[in-house]
Amino acid sequence: MFDQLRAFHRPTSVATALRLFDAERRTGGRGRYVAGGTDLVVQGDRSLRYLVDLTRLPLRYVKKRGAGWAIGATSTMSDLERSKALRGFADGILAEAAGTAGSRQIRNMGTIGGNLANASPACDLAPPLLALDASVVIAGRGARRTVALERFLTGAHRTALNGGLLVEIVVPARTTTSGRAAWSFQKLGRLQSDIAVVNAAAGVVLDRKGRCTRARIALGAVAATPLRARRAEALLVGRTFDAASIAVAAERAARETRPVSDVRASADYRREMSRVLVARALAECLVRAGRAR
Ligand SMILES: Cc1cc2nc3c(=O)[nH]c(=O)nc-3n(C[C@H](O)[C@H](O)[C@H](O)COP(=O)(O)OP(=O)(O)OC[C@H]3O[C@@H](n4cnc5c(N)ncnc54)[C@H](O)[C@@H]3O)c2cc1C
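So, here's what we can say about the structure. (Residues numbered from 1 in each chain as written. Predicted model: local features only at pLDDT ≥ 70, side-chain atom pairs only at ≥ 80, totals over all residues. Heavy atoms only, no water.)

1. Points about the layout of surface pockets
Okay, step 1: Approximately 160 Å³ is the volume attributed to the second largest pocket.
Okay, step 2: If one sorts the elements of the lining of the second largest pocket by residue count, helix α1 (residues 14-26) sits on top with 4 residues.
Okay, step 3: Taken together, the residues of the lining of the second largest pocket break down into 6 nonpolar, 5 polar and 4 charged. (1 Å grid on protein atoms, 1.4 Å probe; cavity = no way out; pocket = protein on both sides within 12 Å on 5 of 7 lines; lining within 4 Å. Points joined across faces, edges and corners; volume = space filled by probe spheres on them. Helix = DSSP H or I, 4+ residues; strand = E, 2+ residues; numbered from the N terminus. Nonpolar A, V, L, I, M, F, W, Y, C, P; charged D, E, K, R; others polar.)

Quick look at the structure:
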């Protein structure tokens with residue numbers, strides 16, 4: 001399927017990758033970065049003339065950064081799934097989401113950078129990363145820029161990369177440092193390892209009286225981009241976090257979706273499953289925060 005390629009580069013530094021990509025672009029024709037290839041190869045775009053492979057770049061890591069985490073863009077889904085650090089962070093929702101993406105073989109190849117740069121509306125890492133207020137770091141010909149993930153995902157298979165290279169994902173930790181925090185990730189697919197029909201992540205912080213002081217609800221596969229259900233979040237803040245407020249927020253979150261019908265599910269089913277998954281995620285947060293009644 002890449003029978004029209006005229007060049008395949010395997011740089012070992014970010015600077016060289018950028019330079020090679022730029023040099024190829026100047027000679028004309030379309031090219032791409034490639035990491036695990038689990039999206040790119042399947043797409044089989046025969047118009048591509050050059051590829052710059054990212055797998056030898058020093059971008060495969062999960063590091064403590066201040067009170068949060070920095071994740072290198074070529075870390076694989078399996079790396080995240082197995083990371084002790086991520087399993088112990090935010091109730092492990094990022095590791096858990098990575099562990100639901102495709103088969104073991106896909107997770108051994110597919111990267112966090114590829115998952116976000118491909119910008120599928122159904123990608124599994126976006127909802128937990130949105131709930132965790134993550135940003136991405138983009139290297140380009142000028143200085144590096146940091147962009148909130150929500151602004152990075154601009155449409156279905158569209159991003160703010162603008163020819164740049166996604167080098168790092170930054171997850172701040174302030175979300176877990178005050179009050180009692182709890183998190184949950186939920187996914188509905190034909191099988192759990194399938195592309196999501198709907199996926200969702202939620203996080204809450206509760207004060208001593210069980211009132212919600214902070215809420216995050218993110219959904220995937222229900223709009224052109226994964227989204228935050230901000231109105232539903234706002235309904236929770238300041239209220240006692242219990243079954244009644246969860247039901248109201250889940251209902252509201254479903255109304256914030258803009259799903260389409262496709263081979264996997266109808267728009268109506270997706271909307272209803274959004275309500276169900278958000279309710280499940282928040283109920284799990286309630287249990288995890290130790291306030292189940
Ligand atoms: C059978 C199968 C099952 C799957 N199941 C799931 C699933 O359940 N959940 C899920 O979320 N995904 C799933 N996927 C999709 C895919 O595996 C993931 O999106 C994966 O994380 C993509 O990463 P990659 O490294 O393989 O990306 P690649 O295919 O290498 O790249 C994807 C796109 O991103 C660009 N890119 C990659 N890295 C960078 C970077 N660092 N900077 C800039 N651009 C970059 C490439 O140019 C390309 O356009 C599945 C795929 C297959 C084939």
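2. What to know about the site of the ligand
Okay, step 1: Not every one of the 34 residues close to the ligand is listed here, only the nearest: Y33, T38, D39, T111 and D124.
Okay, step 2: Interatomic distance of 2.8 Å between a backbone N/O atom of A35 and an oxygen atom of the ligand.
Okay, step 3: Here D39 contributes a side-chain N or O atom positioned 2.6 Å from an oxygen atom of the ligand.
Okay, step 4: Counting only elements with at least two residues in the shell around the ligand, the list comes to β2 (30-34), α2 (40-43), α7 (112-118) and β10 (165-171).
Okay, step 5: Sort the elements by how many residues they give to the shell around the ligand and α7 lands first, with 5 residues.
Okay, step 6: Counted by class, the shell around the ligand contains 16 nonpolar, 13 polar and 5 charged residues. (Near = heavy atom within 4 Å. Polar contact = N/O pair within 3.5 Å; in protein donor to acceptor, adjacent residues only side chain to side chain.)

3. Observations regarding the environment of G210
Okay, step 1: Mapping G210 onto the fold places it in the loop between β12 (198-206) and β13 (212-220).
Okay, step 2: Assessed through its relative accessible area of 0%, G210 is described here as buried. (Buried < 20%, exposed > 50% of the residue type's maximum accessible area, 1.4 Å probe, protein only.)

Geometric values such as these leave the question of function open.
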